[in-house]
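Single-letter residue listing:
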Amino acid sequence: MAEPVVALTRAEVGASAALLLGPLLASHYLELGLTQRLATSAIRAALQLGLLANVILEPLFTASSPAPVLLYVGFMALVAALEVSSRCSYAYPRLLRDALASIVICVVGVFALALQLVLRSAARPWWNPRFVVPIIGMLLGNAVATTIVGLDRVLTELSERRAVVELRLALGASLREAVRPAVRAAFIAGLTPSMNQLAVVGIVSTPGMLTGQILGGASPLAACSYQLALLYLIALTASAALFASTSLALWSVAELGAHRLRDGVLARRAGEGGTDILVSLARALLRAADRAWRCALDRGRGRALVPSEAGEAQQRAAPTAAPCADEHAHATICLLYTSPSPRDGLL
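Residues numbered from 1 in each chain as written. Predicted model: local features only at pLDDT ≥ 70, side-chain atom pairs only at ≥ 80, totals over all residues. Heavy atoms only, no water.

(A) Seen up close, the overall build of the chain. Of the regular secondary structure elements, the chain holds 13 helices and 4 strands. In the chain, which comprises 347 residues, the share counted as buried stands at 27%. Expressed as a percentage of contacts within the chain between residues at least 6 apart in sequence, the contacts between residues at least 24 apart total 73%. (Helix = DSSP H or I, 4+ residues; strand = E, 2+ residues; numbered from the N terminus. Buried < 20%, exposed > 50% of the residue type's maximum accessible area, 1.4 Å probe, protein only. Contact = heavy atoms within 4.5 Å.)

Structure below.
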């Protein structure tokens, strides 16, 4: 018999958030430069989960058609691609498109295989939000983490060690052979967390789905079965997403037929570690709202001008300003020449 779920109070959740003061103070004391980023991430997590539980999941779980579920999944994939493209230290013009294509194709493909091979008896109907939203969310989250690490590594290697790659090409290596060390380093860096998780699960760690189902009252055997299947799906999704994103990146920054790297394609981003895409979006919205508010105030006071009218006004004012300055200078010179000097008085 399943045990009832014990809900946490707001005070208990707040107490867990207060424990983050330790890492925040340590980061500030050691001057690690992570204080603002950690605080922003913690606040963002609370706001996102509150929005997810109260605004999105409640009406989504009562939906009677797949349209709202697919719309929300598309929004999740778009935010994931934006996160990948904004976190890389180096970027190229088609990075966002390549990230979106690789993530969507791999996650949707793996989830379709899971529906046919793993979740045939559980997910009824196939768009059941109780299965689609959490499973695709976990697949997307791990694909994003793996892709960010691996793609950032390969782009950094191709940009900062470009001379080494071109030296291999000059010595007769093909483009595939020249970039193989960078690709290998990217795959090792990106897939190491997934391999470590598979190695220690059940002995050292109890992953999220296992913990959630056990706390929700499910039997340990059923929870372990779901968790094991999900870990295999996560490893497959992470590997496929990293392979697809790396291949598309190489297609964009290199000329495969000519066996050489393109010039001026990769550019370093300003700052370190990329930018939080939602924070950047919020800042852009605040700047747009501030500009709109100032424009409304100017129009209300009758001081707003159309750009063409403002240019004409400046042109009309420019010829009058110069004569005034010239007249002032001319009057000053005349005054100097006509005023009596002390020498004249002595004479």
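(B) Representation of the side chain of Ser85 within the structure. With respect to the element layout, Ser85 can be found in helix 4 (residues 66-87). The exposure class of Ser85 is buried, given its relative accessible area of 9%. There is a polar contact of 3.0 Å between the side chain of Ser85 and the backbone oxygen of Leu82. Once you skip the residues sitting within four places of it in the chain, Ser85 turns out to touch Leu95, Leu96 and Arg269. (Polar contact = N/O pair within 3.5 Å; in protein donor to acceptor, adjacent residues only side chain to side chain.)

(C) View of the pattern of salt bridges. Scanning all chains against the criterion turns up 11 salt bridges. Two residues, Glu83 and Arg87, come together in a salt bridge whose shortest N-O distance is 3.0 Å. Residue Glu83 and its partner Arg87 are both found in helix 4; the two are separated by 4 residues, about one turn of the helix. On the basis of relative accessible area, Glu83 is assigned to the buried category, the value being 11%. Note that Arg97 and Asp98 form a salt bridge whose closest N and O atoms lie 3.8 Å from each other. A single salt-bridge network, built from bridges that share partners, covers Arg162, Glu166, Glu255, Arg260, Arg262 and Asp263. (Salt bridge = Lys/Arg side-chain N within 4 Å of Asp/Glu carboxyl O.)

(D) Structural detail: the nonpolar core. Residues Ile136, Leu139, Leu151, Val154 and Leu158 are the most contacted members of the largest nonpolar core, which totals 59 residues. Elements with a contribution of two residues or more to this core: helix 3 (35-60), helix 4, strand 1 (90-91), helix 5 (95-117), helix 6 (129-160), helix 7 (162-170), helix 8 (175-200) and helix 10 (220-253). Element by element, the count of residues in this core is highest for helix 6, at 14 residues. Setting aside its immediate chain neighbours within four residues, Ile136 contacts Val73, Met76, Val107 and Phe111. (Core = buried A, V, L, I, M, F, W, Y, C linked by side-chain atoms within 4.5 Å.)

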